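# Understanding the architecture of this molecule
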Amino acid sequence: MNENLNDAQKREKIDPNEDNKPLPWFITMTIGALFMWSATYIKETVMTAAPEAGDSRSEQVAVACAGGGLAKVAIDGGAIFQAKCVACHQATGEGIAGVFPPLAGSEWVKGKPEVLASILLHGINGKIHVKGTEYNGQMPVFKDLLKDDEIAAVLTHIRSTWGNNAPAVDEKLVASIRESTKARATSYDGDDELSKLEAK
Ligand code: HEC
């Protein structure tokens, strides 16, 4: 020790120093997980409508386009499916065995668009066979929840997803079915009523 130091200086301890500690593993893991989540989120997000439309993206909205005019944003049938149908019919379109019938490969989905539009507008209550299996639940009524163009979009979506490849459904067809069935206050009685319509 240096002889020239006074007593007070001699009592001084060496400054503590922190060792080179690596970032705790759980922080590294959390950052990694967040990074992967955000990358996946960006990759998986389907942006079919202009972001300017905000919350009404899936609806029919008019947004100013680059030219200063107004452009009609296409309605995203897939987004409507996610919002209104996925809980029961599932993202795979396979439904839930014995409870919610499949839309993938369903003869009703691929069948007459008039019947399909009727199903969406008024719902089904009663036994219905889908791909050889009997279901006896309640398909909700959508006539007050979705507009013609939204029904057309979601039907077009389910007819062209999960291997289904039936033609698109036009908004005018939905409007005409809405009009011709407007007196109806009950849901369709499953197969009994719907297969007659399908056979017409
Ligand atoms: C609350 C659950 C529920 C929701 C939400 C729902 N469905 Fe259904 N859906 C059913 C049930 C249950 C049946 C079968 C009805 C029966 O058993 O009488 C059915 C039947 C159908 C059928 C005819 C049978 C088939 O599998 O092809 C179609 C088409 C259909 N739904 C489309 C839709 C579409 C499109 C939406 C969203 C706009 C939707 N459903 C939302 C429960 C639901």
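Please refer to the structure higher up on the page.
Description of the structure in this document. None of these values were measured; they are calculated from a predicted model. (Residues numbered from 1 in each chain as written. Predicted model: local features only at pLDDT ≥ 70, side-chain atom pairs only at ≥ 80, totals over all residues. Heavy atoms only, no water.)

## Examining the overall build of the protein chain
Short version of the rule: Here a strand is any run of E in DSSP of at least two residues, a helix any run of H or I of at least four, and the numbering for each starts at the N terminus. Burial status follows relative accessibility: with a 1.4 Å probe on protein chains alone, a residue under 20% of its type maximum counts as buried, one over 50% as exposed, and anything between as partly exposed. Any two residues whose heavy atoms approach within 4.5 Å at even a single point are treated as in contact. In this description, accessible areas are obtained by the Shrake-Rupley approach with a 1.4 Å probe, and a residue is regarded as covered only by the protein chains that are shown.
When you go through the protein chain residue by residue, the secondary structure sums to nine helices and six strands. Split into buried and exposed, the 200 residues of the protein chain put 32% on the buried side. When contacts within the protein chain are restricted to residue pairs at least 6 apart in sequence, those whose partners lie at least 24 apart make up 53%. Accessible surface computed for the protein chain: about 13,200 Å², of which carbon and sulfur atoms make up 58%.

## A few points about the site of the ligand
As a reminder of what qualifies: Note on definitions. A residue lies near a molecule or strand when any single heavy atom of the residue is within 4 Å of it. Pairs of N or O atoms are called polar contacts if they sit within 3.5 Å, as long as, within protein, a hydrogen donor faces a hydrogen acceptor (for residues adjacent in sequence, only side-chain-to-side-chain pairs). Lys, Arg, Asp and Glu make up the charged group, whereas Ala, Val, Leu, Ile, Met, Phe, Trp, Tyr, Cys and Pro make up the nonpolar group; the residues left over, Gly among them, are polar.
The full set close to the ligand counts 26 residues, and C85, C88, H89, G126 and M139 are the nearest of them. Measuring from an oxygen atom of the ligand, one finds a backbone N or O atom of Y135 at 3.4 Å. Within the backbone of G137, a nitrogen or oxygen atom sits 2.6 Å from an oxygen atom of the ligand. Elements that contribute at least two residues to the shell around the ligand include exactly α4 (86-89), α5 (107-110), α6 (113-122), β4 (128-130) and β6 (138-139). The residue inventory of the shell around the ligand, partitioned by class, reads 19 nonpolar, six polar and one charged.

## Remarks on the packing of helix α7 (residues 148-159) against helix α8 (residues 171-180)
What counts is decided by this rule: Fitted lines through C-alpha atoms serve as axes, helices being fitted only where they are in contact, and the angles separating the N-to-C directions of these axes extend from 0 to 180 degrees. Roughly parallel here means an angle under 35 degrees, roughly antiparallel means over 145, roughly perpendicular means 65 to 115, and every remaining angle is called oblique. Crossing handedness is read from the near helix: turned anticlockwise from the far helix by less than a right angle, it gives a left-handed crossing, and turned clockwise, a right-handed one.
It is at 8 Å that the axes of α7 and α8 come closest, and there the two elements cross at 120°. Between α7 and α8, the crossing angle belongs to the class labelled oblique. Every pair of crossing elements has a handedness; the one defined by α7 and α8 is right-handed. Every residue of α8 that contacts α7 at D148, D149, I151 and A152 is listed here: E171, V174, A175 and R178.

## Section: the coordination of the iron atom of the ligand
Put simply, the rule is: Only nitrogen, oxygen and sulfur atoms count as donors, using a 2.8 Å cut-off from the metal that widens to 3.2 Å for Na, K and Ca. Water is left out, so coordination shells may look unfilled. All geometry calls rest on donor angles, where a four-donor set with angles between 85 and 135 degrees is tetrahedral, four- and six-donor sets with opposite donors more than 155 degrees apart and all others between 65 and 115 are square planar and octahedral, and all else is irregular.
Taken together, the protein ligands of the iron atom of the ligand are H89 (NE2) and M139 (SD), with distances of 2.0 to 2.1 Å. Each of the six donor atoms around the iron atom of the ligand contributes to a set of angles spanning 88 to 180°, which defines the coordination as octahedral. Here H89, found in helix α4, pairs with M139, found in strand β6; they are 50 residues apart in sequence, far enough to count as distant. Overall, the relative accessible area of 10% leaves H89 in the buried class. With relative accessibility at 16%, the residue M139 sits in the buried group.

## Here we look at the nonpolar core
Selection criterion: Buried Ala, Val, Leu, Ile, Met, Phe, Trp, Tyr and Cys residues that are joined via side-chain atoms within 4.5 Å together make up what is termed a nonpolar core.
With 32 residues, the main nonpolar core has I119, L120, L155 and L194 as its most contacted residues. When residues of this core are traced back to their parent elements, those giving at least two are α3 (77-84), α5, α6, β4, α7 and α8. Those residues in contact with I119 that lie beyond four places of it in its chain are W108, I124, M139, P140, Y188 and L194.

## A few points about α6
Where burial is concerned, most of α6 is hidden: eight out of the 10 residues are buried. For α6, every residue scored as buried is listed here: V115, L116, A117, S118, I119, L120, L121 and H122. In this fold, the buried residues of α6 make contact with α5, β3 (124-125), β6, α7, α8 and α9 (190-199). Just past α6, the residue G123 takes up positive phi, approximately 75°.

## A short note on the pattern of salt bridges
Put simply, the rule is: A carboxyl oxygen of Asp or Glu within 4 Å of a side-chain nitrogen of Lys or Arg is what we treat as a salt bridge.
Evaluated as defined, the whole model comprises four salt bridges. In this structure, K43 engages E44 in a salt bridge whose closest nitrogen and oxygen atoms are separated by 3.6 Å. Taken as a pair, K43 and E44 share a single burial class, namely exposed. In this structure, K182 and E179 form a salt bridge, with 2.6 Å as the shortest nitrogen-oxygen distance.

## What about the environment of G163?
Among the structural elements, G163 can be located in the loop between α7 and α8. Sequence separation of G163 and G105 is 58 residues, and the distance between their C-alpha atoms is 7.3 Å.

## Considerations on helix α2 (residues 25-44)
For clarity, the cut-off: Helix span, expected: 1.5 Å multiplied by one less than the number of residues in the helix.
Helix length check: α2, at 20 residues, gives a terminal C-alpha distance of 28 Å against a target of 28 Å (1.5 Å per residue), a fit within 8%. Buried residues are scarce in α2, accounting for zero of its 20 residues.

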